[in-house]
Amino acid sequence: MKKIIALCSTPFQILILLAMKLDRYADDDFSLAISDGISDYKMIAENARRLKLFSNILLIEEKKYAELVVYKLLRKVATVNRIFARLFTKHFYNEICFEYDEIFFYSLSKNQNLWNIFAFSQKRKVKLNWFEEGALINSGVMGTFFDSKPDTVFHFQYLQKHITKQYLVRPDQPCYS
């Protein structure tokens, strides 16, 4: 049984992951991390809990820290090395563990750097599974996501550089390589 977490910043992402859980990962320990960037995220999380399909539903409440200078500084430092990333995650998001086998993400959002930190903080290298919603498959934005210049000091592109699998709604339609 694999231990998986999916990081969600839109309700549609939750629906996509619900379908993936039912179709491909029914027997795995599969958790959802739901961002406070979603309107009514607490109600959505409660409804997801009622389904009893996911092992755990975590709330990523970044808004309460977003304006704190200390948080912003520590968030940047957390991208420098894994120990700092773990300390940052443990302090601000203590429900995120460091033992996942796979992380699902769709990071074209304001949470991209936070998702980078969660992935980077893992004790061992995990499989990073990028999934898409179907809306931007033919957008030039997707190419920008994958073609970002590597950052040798800050690991802001950790996710892009270590993708294991890509799940596409229409695999025959991408306009990028």
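Structure's up top.
Residues numbered from 1 in each chain as written. Predicted model: local features only at pLDDT ≥ 70, side-chain atom pairs only at ≥ 80, totals over all residues. Heavy atoms only, no water.

Comments concerning the pattern of salt bridges
What counts, and what does not: Any carboxyl oxygen of Asp or Glu within 4 Å of a side-chain nitrogen of Lys or Arg constitutes a salt bridge here. Working definition: with a 1.4 Å probe on protein chains only, accessible area under 20% of the residue-type maximum means buried, over 50% means exposed, and in between means partly exposed.
Overall, the coordinates contain nine salt bridges when judged by the stated rule. In this structure, the salt-bridge partner of R24 is D23, at a minimum N-O distance of 3.9 Å. When its relative accessible area of 62% is taken as the criterion, D23 is described as exposed. Via salt bridges that share partners, K42, E61 and K64 belong to a single interconnected network.

Overview of the sheet that holds strand β5 (residues 127-131)
Heads up, the condition is: Pairing between two strands is assigned when DSSP locates at least 2 bridges connecting them. Numbering of helices and strands starts at the N terminus; helices are DSSP runs of H or I of at least 4 residues and strands are runs of E of at least 2. Fitted lines through C-alpha atoms serve as axes, helices being fitted only where they are in contact, and the angles separating the N-to-C directions of these axes extend from 0 to 180 degrees. Contacts were defined at the residue level, with two residues in contact if any of their heavy atoms lie within 4.5 Å.
Read across the sheet, six strands follow the order β3-β2-β1-β4-β5-β6 without closing on themselves; strand pairing throughout is parallel. Lying at the two open borders of the sheet, with one neighbouring strand each, are β3 (56-60) and β6 (163-167). When strand polarity is set aside, the average angle formed by the axes of neighbouring strands in this sheet is 20°. Pairing of strand β2 (residues 29-35) with β3 involves five bridges; the strand directions are parallel. By the bridge assignment for β3, S35 is matched with I60. Against the sheet, helix α2 (residues 41-51) makes contact with β2 and β3, and its axis sits at roughly 170° relative to β3, the strand it touches most.

Remarks on the packing of helix α3 (residues 69-77) against helix α4 (residues 82-92)
Counted only if it meets this: As a working rule, the residues Ala, Val, Leu, Ile, Met, Phe, Trp, Tyr, Cys and Pro are called nonpolar, Asp, Glu, Lys and Arg charged, and the rest polar, with Gly in that last group.
Between α3 and α4, the least distance of the axes is 8 Å, while the angle of their chain directions is 145°. Where α3 abuts α4, its residues Y71, L74, R75 and V77 lie against F84, F88 and F92. Residues of the contact of α3 with α4, tallied by class, amount to six nonpolar, no polar and one charged.

Notes on the packing of α4 against helix α5 (residues 112-120)
A pair of packed helices is characterised by two quantities: the angle between their axes and the separation of those axes. Selection rule: Reported orientations rely on four angle classes, namely roughly parallel under 35 degrees, roughly antiparallel over 145, roughly perpendicular from 65 to 115, and oblique for the rest. If you view the pair so one helix is near and one far, a crossing is left-handed when the near helix is turned anticlockwise from the far one by less than a right angle, and right-handed when it is turned clockwise.
Taken N-terminus to C-terminus, the directions of α4 and α5 make an angle of 110°; their axes are 8 Å apart at the nearest point. By the angle between their directions, the pair α4 and α5 is classed as roughly perpendicular. Where α4 crosses over α5, the handedness of that crossing is left-handed. Contacts between α4 and α5 pair R82, A85, F88 and T89 from the former with L114, I117, F118, A119 and F120 from the latter.

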